[in-house]
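Structural overview for review
Here is what each chain is made of, one letter per residue.
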Amino acid sequence: MRAELIDGAAIAAQIRSEIARDVGALAARGVVPGLTVVLVGEDPASAVYVANKEKFAKQAGMRGDTIRLAASTSQAELLALVERLNADPAVHGILVQMPLPSHIDPDVVIRHIDPRKDVDGFHPVNVGKLLIGHTDGFLPCTPAGVIELLLRSGVETRGAEAVIVGRSNIVGKPMAALLMQPRAGGDATVTVCHSRSRDLYEHTRRADILIAAIGRAEMIRGEHIKPGATVIDVGMNRVADPSRASGSRLCGDVHFDSAAEVAGRITPVPGGVGPMTIAMLLQNAVRAAERSIT
Ligand code: NDP
């Protein structure tokens, strides 16, 4: 392996310890940051994410609550719950775990959350603030975590060719908006690729910073990467692996072994972007609590 590993687990642990310090400072002012996660239904992957969010919130000294609702919960019932949480002064951050059951429109739910409590950063008000470059909103956790990984690993984004594969509202689009902001962790020249892109690998091969957010297991291989590039793998895919007792393993959108022979730096999966997403969520909840008293 030639590439240097960007250790997201270690960087996220560092950020969580900084958050615990901020939580302590808030406690001295009589405020305990409160994060409430709402889980509708029993999607097993969502249940694991939600349990981790609650665990790390509590570890940082925050109030971490999970409200579990049956998959049959109606949209009106969920909206009524969101309204109650909007009005509850002990709740600083609200996160409704996606995906929701198909009878509930996620956009309606997201628009219902008070933007000042939208710690996922998905409300149109926060998306607009991100694009304009206003810093009083909330950044979506996964792309914000990627920027933090780049900053804390000393990766120069200014003037860099950054290529993002994926244009979803939760990763690709906000990732592009962050990388193009005129500030530290930004100032990159950004290309966004998707399933309709012509000559995808022409783009990936000229990236100084390549960000894969595709949802296709190990699609990006070493030959698609510019030598020395920084590769950030957002992908989280479970694939069959008969050699493991569980019969499966987690992998990214990048084929790690071949990419690590070519890249200069690379994130692993697991232990790369994933832990950063939760750390940034906690950071948003702490900011929400701070803003509630200023
Ligand atoms: P989406 O499915 O919403 O978006 C995937 C994007 O990849 C789309 O823009 C799609 O293009 C593009 N794409 C799909 N196939 C190709 C292809 N063959 N060539 C080029 N582009 C392609 O996924 P998400 O953005 O929600 O998530 C992406 C990955 O990141 C997933 O593996 C997900 O599990 C993971 N993830 C990880 C998180 C973490 O905390 N680590 C958090 C969030 C997501 P088009 O728009 O044209 O369809």
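Okay, so let's go over this structure. Computed from a predicted model, the values in this text were never measured in an experiment.

1. Notes on the overall build of the chain
- Counting its secondary structure elements, the chain contains 10 helices and 11 strands.
- By the compact-globule yardstick of 19 Å for 294 residues, the chain fits well, its C-alpha radius of gyration being 19 Å.
- Overall, the C-alpha framework of the chain stretches about 50 × 40 × 35 Å when taken along its three principal axes.
- For the chain, the share of sequence-separated contacts (at least 6 apart) that also reach a separation of at least 24 residues comes to 70%.
- With the model as given, the accessible surface of the chain reaches about 13,500 Å², and the carbon-plus-sulfur share is 53%.
- Each charge class in the chain was averaged separately, 32 positive and 32 negative side chains, and the resulting centres sit 2 Å apart.

2. Concerning the packing of aromatic side chains
- Inspection of the entire model under this criterion finds 0 aromatic pairs.
- Its guanidinium or amino end placed over the ring of Phe138, Arg291 lies 4.7 Å from that ring's centre, counting from NZ or CZ.

3. Remarks on the sheet that holds strand 4 (residues 93-96)
- Ordered by their spatial adjacency, 3 strands build an open sheet running 3-2-4, and the pairing between neighbours is parallel. Edge strands, defined here as strands with exactly one partner in the open sheet, are strand 3 (63-69) and strand 4. This sheet shows a mean twist of 15 degrees between the axes of neighbouring strands, independent of strand direction.
- One ladder, built from 4 bridges, connects strand 2 (residues 34-40) with strand 4; its direction is parallel. Paired with Thr36 across the two strands is Ile94, which belongs to strand 4.

4. Points about helix 7 (residues 172-180)
- Counting buried positions over the 9 residues of helix 7 gives 7, a clear majority of the element.
- Among all positions of helix 7, only Gly172, Pro174, Met175, Ala176, Ala177, Leu178 and Leu179 are buried.
- Lining the buried residues of helix 7 we find helix 5 (124-132), helix 6 (141-152), strand 5 (161-165), strand 6 (189-193) and strand 7 (209-212).

5. Overview of the sheet that holds strand 1 (residues 4-5)
- Taken together, 6 strands build an open sheet; the order of strands is 1-11-8-7-5-6 and the sheet is parallel. Bordering the open sheet on either side are strand 1 and strand 6, each of which pairs with just one other strand.
- By the bridge criterion, 2 bridges tie strand 8 (residues 230-233) to strand 11 (residues 265-266) in an arrangement that is parallel. The partner of Thr230 across the bridge, within strand 11, is Arg265.

6. A few points about the nonpolar core
- Core analysis: the largest hydrophobic core is formed by 53 residues, its most contacted members being Leu35, Met62, Val146, Leu179 and Ile211.
- At the level of elements, helix 1 (8-28), strand 2, helix 2 (44-59), helix 6, strand 5, helix 7, strand 7 and helix 10 (273-292) are the ones that each hand at least two residues to this core.
- The contacts of Val146, once residues within four sequence positions are left out, are Met175, Ile211, Ile232, Val234 and Val273.
- Formed by 18 residues, the second largest nonpolar core is a distinct cluster that contains Ala207, Ala212, Ile220 and Ala259.

7. Side note on the packing of helix 1 against helix 10
- At their nearest, the axes of helix 1 and helix 10 sit 9 Å apart, and the two run at 15 degrees to each other. With respect to helix 10, the axis of helix 1 lies roughly parallel. The two elements helix 1 and helix 10 meet at a crossing, and its hand is left-handed. Across from Gly8, Ala9, Ile11, Ala12, Ile15, Arg16, Ile19, Asp22, Val23 and Leu26 in helix 1, the residues of helix 10 making contact are Pro275, Met276, Ala279, Met280, Leu282, Gln283, Val286, Arg287, Ala289 and Glu290.
- Among the residues making up the contact of helix 1 with helix 10, the classes are represented as 14 nonpolar, 2 polar and 4 charged.

8. Considerations on the site of the ligand
- Around the ligand, the surrounding shell holds 23 residues, and the nearest of these are Arg167, Ser168, Ser195, Met236 and Thr277.
- Within the side chain of Ser195, an N or O atom sits 2.5 Å from an oxygen atom of the ligand.
- Taking Ile214, its main chain carries an N or O atom lying 3.5 Å from an oxygen atom of the ligand.
- Notes on the ligand: free accessible area 940 Å², of which the protein chains cover 71%.
- Looking at the shell around the ligand, the element that brings in the most residues is helix 10, giving 3 residues.

Cut-offs used in this document
Residues numbered from 1 in each chain as written. Predicted model: local features only at pLDDT ≥ 70, side-chain atom pairs only at ≥ 80, totals over all residues. Heavy atoms only, no water. Helix = DSSP H or I, 4+ residues; strand = E, 2+ residues; numbered from the N terminus. Rg over C-alpha atoms; globule rule 2.2 N^0.38 Å. Contact = heavy atoms within 4.5 Å. Areas by Shrake-Rupley, 256 points an atom, 1.4 Å probe, with all protein chains shown as cover. Lys, Arg positive; Asp, Glu negative; His and termini not counted. Charge placed at Lys NZ, Arg CZ, Asp CG, Glu CD. Phe/Tyr/Trp six-rings, centres within 6.5 Å; stacked < 30°, edge-to-face > 60°. Lys NZ or Arg CZ within 6 Å of the ring centre and 35° of its normal. Pairing = 2+ DSSP bridges. Axes fitted to C-alpha atoms, helices over the stretch in contact; angles between N-to-C directions. Buried < 20%, exposed > 50% of the residue type's maximum accessible area, 1.4 Å probe, protein only. Core = buried A, V, L, I, M, F, W, Y, C linked by side-chain atoms within 4.5 Å. Parallel < 35°, antiparallel > 145°, perpendicular 65-115°, else oblique. Left-handed = near helix turned anticlockwise from the far one by under 90°. Nonpolar A, V, L, I, M, F, W, Y, C, P; charged D, E, K, R; others polar. Near = heavy atom within 4 Å. Polar contact = N/O pair within 3.5 Å; in protein donor to acceptor, adjacent residues only side chain to side chain.

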